[in-house]
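Architecture at a glance
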Amino acid sequence: MTSVLANLNEKIANCYEKAAQQGEIVFKPSTSETITTDQGNEFVLTLLTSLSAKPTQENSPEQVQRPKDFNPFVNPDPLLTVVADLKLEDGAPSYNILLNKFPVTPNHILLTTSEFQSQNAPLSASDLTASFRILEQLDLKSRHFGFYNCGDSSGASQAHKHVQFMELPANFVPFADYLAGQEDPFIANSRKEPLQSSKLPFAHFILPLPASKDALYQDDYLTMAFSSLLARCMTVFREHDCDIGYNVIFCKKWIMLVPRSKSVYTARIAEGEPELTLGINSCGFLGLILVKNEALKQLVLKVSPEAILQELGFPNTAGKKSDEYDY
Ligand code: B4P
């Protein structure tokens, strides 16, 4: 597998150039600005500036022509396929690495299972290993992160299992970097809780990861790290008596899970104004908020990103210890 992933950045760039030339990529130019909130948290607010000129994902001619249950990840478009039939080892499930047809940043890629698997299912051991092997290659060029929107409340729009990878904006330091940078790698257990910032209002569970590849890929380390964080999310869902939906966000330094209560935020800027709807996926909980018009940008600035994320997640549990009733 590692050899198939050699020169992945070059493969992505070549595939992207060809697909863009042939009109297979629906790229949406955007502008971004970094804001620091009153609580001292940093967010990158990205505004899609070209919505009137470019089709959106939902109403692009390509989507409209397709049947309602069209699955873009079964028999994917060869022009969008960077690596086909990727296998970790003999007998392991196979994956495709695809270009995102509707990227906001160039070279946004997806790791999809070759056969249908549900986006509501947790990441498996091989999903995690494949994801971190990909990240290793991407980071040879610039720092990237991976994310997985799991469940209806997570912001996912495709039902077929897919992990996404994007470049981190230059000069943006995710809040998880500060937390994870202060601790040695560990797996959460009943005596040691995952890291959680008390400066953010929503529940989130972070583990620093070992820098050594040997440690990361041995002894089911990634699976144990992931499942120790998923257990914290499950306790939240049980306590709030709700369906399972969460965001998984990871980079080479750490992995974070964020339990989700809702996928969209709905509000008015002022009484009598139209109701606005803002969908947030994993990127938002990393600090990267995508808005599709100026009114939504004004709403985020007025209400604050923290207040929006608080409503779409669950209350922060920093300082809470696990008890015998917790998963
Ligand atoms: P999902 O997990 O199902 O949903 P999503 O990332 O939230 O994207 P969504 O589709 O809801 O779009 P949104 O307007 O929120 O991912 C599905 C993925 O499959 C998406 O990446 C989608 O583009 C891709 N896809 C759909 N049809 C495809 C096809 N035929 N072939 C290949 N790929 C296909 O967001 C639009 C895009 O912006 C998304 O890619 C999203 O991940 C990204 N984004 C969100 N926030 C961002 C931010 N702050 N900065 C930069 N990009 C951001």
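This brings us to the pattern of salt bridges. Applying the stated criterion across every chain, the model contains 12 salt bridges. Where Glu33 meets Lys297, a salt bridge forms, and the shortest distance between an N and an O atom there is 2.5 Å. Within this pair, whereas Glu33 is found in strand β1 (residues 30-36), its partner Lys297 is found in helix α8 (residues 294-303), the two being separated by 264 residues in sequence. Look at Glu33 and you get partly exposed, because its relative accessible area is 34%. Residue class for Lys297 comes out buried when judged on its relative accessible area of 13%. With its nearest N and O atoms 4.0 Å apart, the salt bridge here joins Lys320 to Glu239. Of the two residues, Lys320 is situated in the segment after α9 (305-312) and Glu239 in helix α6 (residues 221-240); the sequence distance between them amounts to 81 residues.

Once that is clear, we can look at the site of the ligand. Taken together, 28 residues lie around the ligand, and Asn100, Ser157, Gln158, Gln164 and Lys292 are the ones closest in. At 2.6 Å from an oxygen atom of the ligand is found a side-chain nitrogen or oxygen belonging to Asn100. In the environment of the ligand, a nitrogen atom lies 3.3 Å from a nitrogen or oxygen atom belonging to the backbone of Lys101. In isolation the ligand exposes 870 Å². Once the protein is present, 93% of that is buried.

The packing of two helices is summarised by the inter-axis angle and the distance between the axes. Running from amino to carboxyl end, helix α3 (residues 125-138) crosses α6 at an angle of 110°, the nearest separation of the two axes being 9 Å. Judged on the interaxial angle alone, α6 and α3 are roughly perpendicular. Of α6, the residues touching α3 (which contributes Ala125, Leu128, Thr129 and Phe132) are Leu222, Thr223 and Phe226. Grouping the constituent residues of the contact of α3 with α6 by class yields five nonpolar, two polar and no charged.

The three strands are arranged β1-β2-β13 in an open sheet whose pairing can be described as mixed. Strands at the two margins of the open sheet, each flanked by one partner only, are β1 and β13 (288-291). On average, each strand axis in the sheet is tilted by 25° relative to the strand beside it, whichever way the strands run. Across seven bridges, β1 lies against strand β2 (residues 42-48) in antiparallel orientation. Across the sheet, residue Glu33 finds its bridge partner in β2, namely Leu45.

Turning our attention to the nonpolar core. Within the largest apolar cluster, 89 residues are counted, with the highest numbers of intra-cluster contacts made by Ile97 and Leu99. Looking at this core, the element that brings in the most residues is α6, giving nine residues. Once residues within four sequence positions are removed from consideration, Ile97 is found in contact with Leu5, Leu8, Leu80, Thr81, Val82, Val83, Leu86, Ile109, Leu110, Leu111 and Ile134.

We now examine the packing of helix α1 (residues 8-21) against α3. The geometry of α1 relative to α3 is characterised by a closest axis approach of 8 Å and an angle of 85° between their N-to-C directions. Classified by the angle between their axes, α1 and α3 sit roughly perpendicular to one another. Here Leu8, Asn9 and Ile12 of α1 lie close against α3, whose contacting residues are Ile134, Gln137 and Leu138.

Let's shift gears to the packing of aromatic side chains. Throughout the structure, instances matching the rule amount to six aromatic pairs. Where Phe145 meets Phe147, the ring centres are 5.6 Å apart and the plane angle is 25°; that geometry is what we call stacked. With 6.4 Å between their ring centres and 80° between their planes, Phe175 and Phe202 make a pair best called edge-to-face. In this pair, Phe175 is assigned in helix α4 (residues 175-180) and Phe202 in the loop between α4 and β8 (205-208), connecting sequence segments 27 residues apart. Across this residue pair, the class does not change: Phe175 and Phe202 are buried. Aromatic ring contacts, followed pair by pair, group Phe132, Phe165 and Phe250 into a single cluster. Residue placement shows Arg133 over the ring face of Tyr217; its charged tip is 3.8 Å from the ring centre. The positively charged end of Lys192 is found above the aromatic ring belonging to Phe186, 4.3 Å away from the centroid.

Right, let's talk about the side chain of Ser304 for a bit. Structurally, Ser304 can be placed in the loop between α8 and α9. Within the local environment of Ser304, its side chain forms a polar contact with the backbone nitrogen of Ala307, the two atoms lying 3.1 Å apart.

Note on placement: Tyr178 falls in helix α4. Looking at Tyr178, the relative accessible area reads 52%, which means it is exposed. Separated by 13 residues in sequence, Tyr178 and Arg191 place their C-alpha atoms 22 Å apart.

A few words now on the sheet that holds strand β9 (residues 246-250). Read from one edge of the open sheet, eight strands run β3-β4-β5-β7-β6-β9-β10-β8, paired in antiparallel fashion. Both outer strands of the open sheet, β3 (81-87) and β8, are each paired with one neighbouring strand and no more. Geometrically, the sheet is characterised by an average inter-axis angle of 15° between neighbouring strands, direction not taken into account. Pairing geometry for β8 and strand β10 (residues 254-259), over four bridges, is antiparallel. The partner of Leu207 across the bridge, within β10, is Ile255. Those strands touched by α3 are β4 (94-99), β5 (109-113), β6 (144-150), β7 (162-167) and β9, and its axis lies near 155° from that of β5. Against the sheet, α6 touches β8, β9 and β10, its axis set at about 20° to β10.

Conventions adopted
Residues numbered from 1 in each chain as written. Predicted model: local features only at pLDDT ≥ 70, side-chain atom pairs only at ≥ 80, totals over all residues. Heavy atoms only, no water. Salt bridge = Lys/Arg side-chain N within 4 Å of Asp/Glu carboxyl O. Helix = DSSP H or I, 4+ residues; strand = E, 2+ residues; numbered from the N terminus. Buried < 20%, exposed > 50% of the residue type's maximum accessible area, 1.4 Å probe, protein only. Near = heavy atom within 4 Å. Polar contact = N/O pair within 3.5 Å; in protein donor to acceptor, adjacent residues only side chain to side chain. Areas by Shrake-Rupley, 256 points an atom, 1.4 Å probe, with all protein chains shown as cover. Axes fitted to C-alpha atoms, helices over the stretch in contact; angles between N-to-C directions. Parallel < 35°, antiparallel > 145°, perpendicular 65-115°, else oblique. Contact = heavy atoms within 4.5 Å. Nonpolar A, V, L, I, M, F, W, Y, C, P; charged D, E, K, R; others polar. Pairing = 2+ DSSP bridges. Core = buried A, V, L, I, M, F, W, Y, C linked by side-chain atoms within 4.5 Å. Phe/Tyr/Trp six-rings, centres within 6.5 Å; stacked < 30°, edge-to-face > 60°. Lys NZ or Arg CZ within 6 Å of the ring centre and 35° of its normal.

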